[in-house]
Amino acid sequence: GVPGDQYEYCSPRERPAGIGYLVTNNILFLFATMKFSVLATLSLIAGPVAAEIYFKEQFNDNDWSKRWVESSKWKPKEEMGKFEHTAGEWYGDKDDKGIQTSEDARFYGISAKMDKTFTSGDKELVVQYSVKHEQNLDCGGAYIKLLPGKVDQAKFGGDTPYSVMFGPDICGSSNKRTHVILHSNAKDENLLVKKDVNTETDDLTHLYTLVVRPDNTFEVLIDNKSVRSGKLDDEFDFLPEKEIKDPDQSKPDDWVDQAKIPDPEDKKPDGYDDIPEEIPDPDASKPDDWDDEDDGEWEAPMIDNPDFKGPWAPKMIDNPDYKGKWVHPMIPNPEYSYDDSMYKVCKDGCTHVGFELWQVKTGTLFDDIIVTDSLEEAQKFAEETFFKKSEGEKKMYDKIQEEKNEAEMAEMGDMDMGDDLDDLDGFEDEF
């Protein structure tokens, strides 16, 4: 299709025989009237299939708690933390709220039923949400889960089956990553991405997006910037190895894989074993005040013998019989076959979303969740939510940090002044 006004010169009378035209929404379509069926012609002018939204949550109303169920039967009550409905300490819009962990060293569990069941088919799966760590998180998860089938939400916890687990996880200085775990139907197990995906660790809100595509690829975006993408079979252990060690082959008994051998011509020198490990310090002398009767016979302290070389061993030379390191021959794996359905993590339908977490230090805020079959739809939602608020949040955060730093500097100044006065008091006491 092309703009109709570009073809004004082509009147029906001038066009070649057998060529039809159709104008719709100011778009001109040309087609061969003798070769296209009506259905084929209609398919040309049909627009793209509309994106579906299976779940969307912004937490901006007081009824959010009716849509979400806390895991009251997962752990003992005293081990469970509560979610608070808040915009946090810094924000882009005080009326735009999320849910935030509120108690240190607690488990957190909460889930919601999706508006529609997502079943993996010919469309991509997109999971997106925002995370803000206001507590300088040292150890705790902040990942979201997609749950299949029927879910007992009151019992939702770490043992509840899930199809997708995605989002940041931080514990200590070495474990800082974005989890990507997908369910394998063929193996009936959950598979962790083989190479760690980076995560954000500052105190501001960040947007996490996971895309699983029907061409068996995936992509992770943070703040709408791609940080990892690839093939599912390359980045996860969905498939068996293409090659395996030949079970009928083994290293020959006479295979020599010792690269170096002792030199048979090298002999231990005569008297080598008689060299002591320590000797009396030749530079030491008996102190002038030493009394043999009171102190005993004086002996020089011992020092390491510079001539002692340790236990004797012959020098090593190249082994003339060395054949190199033996490599086990590989053969095609008879159990290997490509799986076109790796991406079908929600094969039997994903019905719920949930957060199941442990946090040592609390203060993580979740917001703006969407599950859809279109990355474009998720990005549009991000423009309406995350990106609309991020600049204002950053300004407020910077102001709070500046005021905090100024207060700390003033407090340090007061302490220094107090120390100086104490020193003056001491100085006056001397006169």
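Residues numbered from 1 in each chain as written. Predicted model: local features only at pLDDT ≥ 70, side-chain atom pairs only at ≥ 80, totals over all residues. Heavy atoms only, no water.

Glancing now at the overall build of the chain. Tallying secondary structure elements over the chain gives 6 helices and 25 strands in all. Within the span of the chain, comprising 431 residues, buried residues form 35% of the whole. Summing over all exposed atoms, the chain offers an accessible surface of approximately 26,600 Å²; the carbon and sulfur share of this is 48%. (Helix = DSSP H or I, 4+ residues; strand = E, 2+ residues; numbered from the N terminus. Buried < 20%, exposed > 50% of the residue type's maximum accessible area, 1.4 Å probe, protein only. Areas by Shrake-Rupley, 256 points an atom, 1.4 Å probe, with all protein chains shown as cover.)

Turning our eyes to something else, we now look at the pattern of salt bridges. Considering all chains together, one arrives at 25 salt bridges under this definition. Glutamate 103 is the partner of arginine 106 in a salt bridge, and the nearest nitrogen-oxygen pair spans 4.0 Å. The residue lysine 251 makes a salt bridge to aspartate 257 at a minimum N-O spacing of 2.9 Å. A network of salt bridges, in which partner residues are shared, links Asp96, Asp367, Asp368 and Lys389. (Salt bridge = Lys/Arg side-chain N within 4 Å of Asp/Glu carboxyl O.)

Taken as a whole and judged by the stated rule, the model has 2 disulfides. Between cysteine 139 and cysteine 171 runs a disulfide, and the two sulfur atoms are separated by 2.0 Å. The S-S bond linking cysteine 139 to cysteine 171 shows a torsion near -80 degrees; that makes this disulfide left-handed. Taken together, the residues span a long stretch of sequence, with cysteine 139 in strand S10 (residues 139-141) and cysteine 171 in strand S12 (residues 164-171) at a distance of 32 residues. Look at cysteine 139 and you get buried, because its relative accessible area is 17%. With its sulfur 1.9 Å from that of its partner, cysteine 346 forms a disulfide with cysteine 350. Across the S-S bond of cysteine 346 and cysteine 350 the torsion is about -85 degrees, and the bridge reads as left-handed. No difference in accessibility class separates cysteine 346 from cysteine 350, as the two residues are buried. (Disulfide = S-S within 2.5 Å.)

Moving on, we come to the environment of glutamine 153. Among the secondary structure elements, glutamine 153 is positioned in the loop between strand S11 (144-148) and S12. When near neighbours in sequence (up to four residues on either side) are disregarded, glutamine 153 contacts Val69, Glu70, Ser71, Ser111, Ala112, Lys113 and His352. A distance of 3.1 Å separates polar atoms of two side chains, one belonging to glutamine 153 and the other to serine 111. (Contact = heavy atoms within 4.5 Å. Polar contact = N/O pair within 3.5 Å; in protein donor to acceptor, adjacent residues only side chain to side chain.)

So, on to the packing of aromatic side chains. Scanning all chains against the criterion turns up 17 aromatic pairs. Centroid distance phenylalanine 59 to tryptophan 64: 5.9 Å. Interplanar angle 75 degrees. Geometry classified as edge-to-face. A relative accessible area of 9% places tryptophan 64 in the buried class. Their ring planes at 75 degrees and their centres at 5.3 Å tell us that phenylalanine 218 and phenylalanine 236 sit as a pair that is edge-to-face. Of this pair, phenylalanine 218 sits in strand S16 (residues 217-222) while phenylalanine 236 sits in the loop between helix H3 (232-235) and strand S18 (243-245), and the two are 18 residues apart along the sequence. With a relative accessible area of 1%, phenylalanine 236 lands in the buried category. Feature note: the residues Phe55, Phe59, Trp64, Trp68, Tyr129, Phe166, Tyr208, Phe355 and Phe366 constitute an aromatic cluster, connected by ring pairs. In this arrangement the basic side chain of lysine 75 is found over the ring face of phenylalanine 107, its NZ or CZ atom lying 4.5 Å from the centre. (Phe/Tyr/Trp six-rings, centres within 6.5 Å; stacked < 30°, edge-to-face > 60°. Lys NZ or Arg CZ within 6 Å of the ring centre and 35° of its normal.)

As a further point, take the confidence of the model for the chain. Here the chain shows a mean pLDDT of 87. Residues at 70 or above account for 84%. Across residues 1-47 the pLDDT falls below 50, and counting only partners more than four positions away or on other chains, this stretch makes 46 contacts in the model. (pLDDT = per-residue confidence, 0-100.)

Let's shift gears to the environment of aspartate 273. The topology assignment puts aspartate 273 in the loop between strand S19 (260-262) and strand S20 (278-280). Its relative accessible area of 55% is what places aspartate 273 among the exposed residues. Measuring from C-alpha to C-alpha, the distance between aspartate 273 and phenylalanine 308 comes to 9.2 Å, with 35 residues separating the pair along the chain. Polar contacts involving the side chain of aspartate 273 include one to the side chain of lysine 268, which spans 2.8 Å.

Counted residue by residue, strand S25 (residues 364-372) has 9 buried out of 9 residues, so it is predominantly covered. In terms of strand pairing, strand S4 (residues 53-57) meets S25 through 4 bridges, oriented antiparallel. What sits directly across from lysine 56, in S25, is isoleucine 370. Two strands pair when backbone bridges link them, and strand S7 (residues 98-101) and S25 are joined in this way by 2 bridges, in the antiparallel orientation. In the strand pairing of S25, glutamine 100 is matched with leucine 365. Bridge count for strand S9 (residues 125-133) against S25 is 7 bridges, and the pairing is antiparallel. Residue valine 131 lies in a different strand from S25, and its bridge partner there is phenylalanine 366. (Pairing = 2+ DSSP bridges.)

So, on to the environment of aspartate 348. Within the secondary structure, aspartate 348 is located in the loop between strand S23 (330-332) and strand S24 (350-359). The sequence separation of aspartate 348 and proline 148 amounts to 200 residues, and the corresponding C-alpha distance is 6.9 Å.

This paragraph deals with the side chain of glutamate 393. Mapping glutamate 393 onto the fold places it in helix H6 (residues 386-429). For the buried residue glutamate 393, which engages in no salt bridge, the nearest side chain bearing the opposite charge is lysine 132, 4.5 Å off. (Lys, Arg positive; Asp, Glu negative; His and termini not counted.)

Unusually for a residue other than glycine, phenylalanine 59 sits at a positive phi of about 60 degrees. For phenylalanine 59, the position within the fold is in the loop between S4 and helix H2 (64-67). A relative accessible area of 0% means that phenylalanine 59 is categorised as buried. The backbone of aspartate 223 shows a phi angle near 55 degrees, a positive value even though the residue is not glycine. Mapped onto the fold, aspartate 223 is located in the loop between S16 and strand S17 (225-231).

On to the side chain of asparagine 216, then. If you trace the backbone, asparagine 216 turns up in the loop between strand S15 (205-213) and S16. For asparagine 216, the side chain forms a polar contact with the main-chain nitrogen of tyrosine 343, separated by 3.0 Å. Apart from residues lying up to four places away in sequence, asparagine 216 is in contact with Gly230, Lys231, Leu232, Tyr338, Asp339, Asp340, Ser341, Met342 and Tyr343.

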